[in-house]
Amino acid sequence: MTDRRIDAKWWKSSTIYQIYPSSFMDSNGDGIGDLPGILSKLDYIKSLGVDAVWISPFYKSPNKDQGYDISDYQMPDPAYGSMADVEAIIKGCHDRDMKIIFDLVINHTSDQHKWFQESRKSKDNPYRKYYIWKPARYIDGERRPPTNWEATFGGSAWEWDETTEEYYLHAFVVEQPDLNWEDAEVRQAIYKEAILFWLEKGIDGFRVDVSSHYSKHEYVDAPIIKPEQYIQPARAKYVDGPRLREYLEEMQRETFSKYDSVTLAEMSGTRTLENKLDFVGESSKRFSMAISFDLATVDHYGREATYLWWKPYDLQEFKKITEAEQFLSGPNTDGWALTYLENHDQARSISRFMNDSPEYRTISGKTLAMYLLTLSGTPIIYQGEEIGMINMPKSWPEAEYIDAASWMFIQTVRDDIQKGVKGIAEEEAFESLQRIARDHARVPMQWSNDHSAGFSSSAKTWMRVNPSYKAGINVAEEEKDECSVLNFYRRMLAFRKEHSDSLIFGEYQNLEAETEKTMQFSKKSFDGETLFVALNFSGEQQKASLPDSKGELLISSSTHPDQEDILQPYEGRIYRV
């Protein structure tokens, strides 16, 4: 067994805190979070015990997909602040001995980017090759897109352009044209403008958005799944294309490898362990780690058109996915796991996986913290997760769901109903939004009991504030409570570093795959220390099945743990055995 501590990169022993800029802290009272707001909270972030900060896109953008449609890679959006503000954050993180990571969105740009504005002017414009343009095809005299591909959020993946009378490809919303990675000059322009520019300013790496999309497959029709319409589910056509590995190796070689930088790849198309290792193993020379979607979609199910349909999750499946991901950081691979429960694309984990009622919210949040911070690999904590933020109230109307994925999902459902598609209903679709919509993660951060949860002095914030801040779910109240979710995160982060040989670099072993109520596993260090983790995911008492009856209880998510090996509802414990 290889000692994984040897020559470990800085990011292997780090915990990352993710910030969604528009929802984190508003410094100027316009209702939108901004860069000075982030700067003002760096001491708070440092106090948690995290080691790195990841900031979601703050670049200039028309915000058709909330910042993931970038119109200028090298310019902060004026709504967020200035380049001086960005540089102050970079320095502020480094001064506090924290690393700083930015988002890298290079599968597509905004349709307002200078490249696309030139590209659509004429077929012989030098920037035409920067995007994927195809002529129309005609069926029974009717103009149709080049293929029948459906975009990720619904609708055709092709958009007609009147000026040049051709279609351009967009895997996401219409305003996000896909870049043409097939062209070497285009790739070099991406590297220079979007990557090297920021690495030279001193940032420590990137979270790489939809990095499995760069290479497309052959431009032919997808199989017919919905015979009532021309547009068909086609995600497999623009994910994991034949040249993907070639492009990623080149990007690593010409950009990231020149700096001591980390890369967190969003690899939504990779599912098998072998496939993941092909991207995140040290020998692959592609990425440091990968954000995969197996656990993130454990309570989703496919109707092929979209990912937003909700189902109750299965704890056995949850455990199997965890075990598979932990293998990436195991003693017999050269990979590394990246673990998370929440991010800007996921609903709140307490509401999804535990119990967000007033009686059980706190212990649920603490037990999920224990799950996250006892796993090997590099964990991500999303803003508000550390105070136990929960989903938006179910009483909120549809109008409060403003994310592009949410409203396109509802529109797709209504279109399908109108076309006579059987087995779907608007009520079921809205319940899915209430459970797993991305909007739940994007409401403003809850700082205090003050107006707008202390996020902004404005009477109207860009998204409505969750009223749960009035029930004590805010930083100021939790700072004063020794038993709060916030202070438990601090305790667990310190505990993780104290037991790093076991918790960060140790070997994971699942100890009970078949139970429906609990998750129990061990973490064994190279030097022999064994910690036992028992987590109760149910509202009933459960027994902790210790492998050694003399286990020493080190930490519990309950304020008053039972002296016997009985887990209280939603309780988590760590023993030394």
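Structure report, in brief. Computed from a predicted model, the values in this text were never measured in an experiment.

Moving on to the overall build of the protein chain. A tally of helices and strands in the protein chain yields 16 helices and 22 strands. Its C-alpha radius of gyration of 24 Å places the protein chain within 12% of the 25 Å reference for a compact globule of 577 residues. Taken along its principal axes, the extent of the C-alpha atoms in the protein chain is 75 × 55 × 50 Å. In the protein chain, buried positions account for 61% of the 577 residues.

Here we take up the sheet that holds strand β10 (residues 166-169). Taken together, the 3 strands give an open sheet; going across it, the order is β6-β10-β9, and neighbouring strands pair in antiparallel fashion. At either end of the open sheet lies a strand with only one pairing partner, and these are β6 (133-134) and β9 (158-161). Pairing of β6 with β10, which is carried by 2 bridges, proceeds in the antiparallel orientation. Its bridge partner lying in β10, Trp133 is registered against Tyr168.

The next thing to look at is the packing of aromatic side chains. Per the counting criterion, the structure on display carries 38 aromatic pairs. Through a chain of ring-to-ring contacts, three or more aromatic side chains come together here, namely Phe58, Tyr59, Phe102, Phe197 and Trp198. Across from the ring centre of Trp447, 4.1 Å away, lies the NZ or CZ of Lys41, which sits over that ring. We note Lys99 situated over the ring of Trp10; from NZ or CZ to the ring centre the distance is 5.0 Å.

On the surface, Asp314, Glu317, Glu514 and Glu516 cluster together into a negatively charged patch. The topology assignment puts Glu514 in the loop between β16 (507-510) and β17 (518-524). The exposed category is assigned to Glu514, whose relative accessible area is 56%.

Turning to the pairing of strand β5 (residues 99-104), a few remarks are in order. In terms of burial, β5 is a largely internal element, 5 of the 6 residues being buried. Strand direction decides the pairing type here: strand β2 (residues 52-55) and β5, joined by 4 bridges, are parallel. Across the sheet, the residue bridging to Ile55 is Phe102, located in β5. Inspection of the sheet shows β5 paired to strand β11 (residues 205-208) by 3 bridges, in the parallel sense.

For the rest of this paragraph, the subject is helix α6 (residues 184-199). Taking 1.5 Å of rise per residue, 16 residues should cover 22 Å, and α6 covers 21 Å from first to last C-alpha, within 8% of that figure. The sharpest bend along α6 comes to roughly 35 degrees, located at Lys192. Considered for burial, the residues of α6 that qualify are Val186, Arg187, Ala189, Ile190, Tyr191, Glu193, Ala194, Ile195, Leu196, Trp198 and Leu199. With a side-chain oxygen positioned 2.9 Å from the backbone nitrogen of Glu185, the residue opening α6 is Asp183.

A separate point is the side chain of Ser22. Its location among the elements puts Ser22 in helix α1 (residues 21-24). In this structure Ser22 comes out as buried when scored by relative accessible area, which is 6%.

A few words now on the sheet that holds strand β22 (residues 572-576). On the basis of which strands lie adjacent, the open sheet formed by 5 strands has the order β16-β17-β18-β22-β20 and antiparallel pairing. Two strands lie at the open edges of the sheet, namely β16 and β20 (552-556), each paired on one side alone. The average undirected angle you get between the axes of adjacent strands in this sheet is 25 degrees. By the bridge criterion, 5 bridges tie strand β18 (residues 530-536) to β22 in an arrangement that is antiparallel. Among the inter-strand pairings, Leu535 is bridged to a residue of β22, identified as Gly572.

All right, on to the environment of Lys129 then. Mapped onto the fold, Lys129 is located in the loop between α5 (114-119) and β6. Taking the C-alpha atoms as reference points, Lys129 and Glu182, separated by 53 residues in sequence, lie 9.1 Å from one another. Apart from the residues within four sequence positions on either side, Lys129 is in contact with Asn180, Asp183, Glu185 and Val186.

Along the chain, Asp161 falls in strand β9. Relative accessible area serves as the criterion here: at 3%, Asp161 is assigned to the buried category. A polar atom in the side chain of Asp161 sits 3.0 Å from the side chain of Thr164. Apart from the residues within four sequence positions on either side, Asp161 is in contact with Arg120, Trp133 and Glu166.

Two numbers describe a pair of packed helices, the interaxial angle and the distance between the axes. Closest axis-to-axis distance for the α6/helix α7 (residues 244-254) pair is 11 Å, and the angle between their directions is 50 degrees. Between α6 and α7, the angle falls in the class oblique. For the pair α6 and α7, the crossing hand works out as right-handed. Contacts between α6 and α7 involve Arg187, Gln188, Tyr191, Ile195 and Leu196 from the first element and Tyr247, Glu250, Met251 and Glu254 from the second. When the residues that make up the contact of α6 with α7 are grouped by side-chain class, the tally is 5 nonpolar, 1 polar and 3 charged.

Before going further, it helps to examine the environment of Trp447. Relative to the assigned elements, Trp447 resides in the loop between α13 (426-436) and α14 (475-479). Taking the C-alpha atoms as reference points, Trp447 and Thr378, 69 residues apart in sequence, are found 26 Å from one another. Trp447 has contacts with Phe24, Met25, Lys41, Tyr44, Ala453, Gly454, Phe455, Asn474, Val475 and Ala476, leaving out every residue within four places of it along the chain.

Next up on the list: the pattern of salt bridges. Here the structure, examined in full by the defined rule, presents 44 salt bridges. Among the ionic pairs, Lys201 bridges to Glu87, the shortest N-O distance being 2.8 Å. Residue Lys201 is located in the loop between α6 and β11, and its partner Glu87 is located in helix α4 (residues 83-95); the two are separated by 114 residues in the primary sequence. For Lys201, a relative accessible area of 29% puts it in the partly exposed group. A relative accessible area of 39% means that Glu87 is categorised as partly exposed. The salt bridge partner of Asp299 is Arg352, with a shortest N-O separation of 2.6 Å. In this pair, Asp299 sits in the loop between β13 (289-291) and α9 (315-327) while Arg352 sits in helix α10 (residues 349-353), placing the two residues 53 residues apart along the sequence.

Turning our eyes to something else, we now look at α7. Turning to α7, its buried residues are Leu244, Tyr247, Leu248, Glu250, Met251 and Gln252. Contact partners of the buried residues in α7: α6 and α8 (273-280).

The rules we used
Residues numbered from 1 in each chain as written. Predicted model: local features only at pLDDT ≥ 70, side-chain atom pairs only at ≥ 80, totals over all residues. Heavy atoms only, no water. Helix = DSSP H or I, 4+ residues; strand = E, 2+ residues; numbered from the N terminus. Rg over C-alpha atoms; globule rule 2.2 N^0.38 Å. Buried < 20%, exposed > 50% of the residue type's maximum accessible area, 1.4 Å probe, protein only. Pairing = 2+ DSSP bridges. Phe/Tyr/Trp six-rings, centres within 6.5 Å; stacked < 30°, edge-to-face > 60°. Lys NZ or Arg CZ within 6 Å of the ring centre and 35° of its normal. Patch = residues over 30% accessible without salt bridge, like charges linked within 9 Å, V, L, I, M, F, W, Y side chains within 5 Å. Areas by Shrake-Rupley, 256 points an atom, 1.4 Å probe, with all protein chains shown as cover. Salt bridge = Lys/Arg side-chain N within 4 Å of Asp/Glu carboxyl O. Lys, Arg positive; Asp, Glu negative; His and termini not counted. Charge placed at Lys NZ, Arg CZ, Asp CG, Glu CD. Expected span 1.5 Å × (residues − 1). Bend = angle between axes of the 7 residues up to and from the residue. Polar contact = N/O pair within 3.5 Å; in protein donor to acceptor, adjacent residues only side chain to side chain. Axes fitted to C-alpha atoms, helices over the stretch in contact; angles between N-to-C directions. Contact = heavy atoms within 4.5 Å. Parallel < 35°, antiparallel > 145°, perpendicular 65-115°, else oblique. Left-handed = near helix turned anticlockwise from the far one by under 90°. Nonpolar A, V, L, I, M, F, W, Y, C, P; charged D, E, K, R; others polar.

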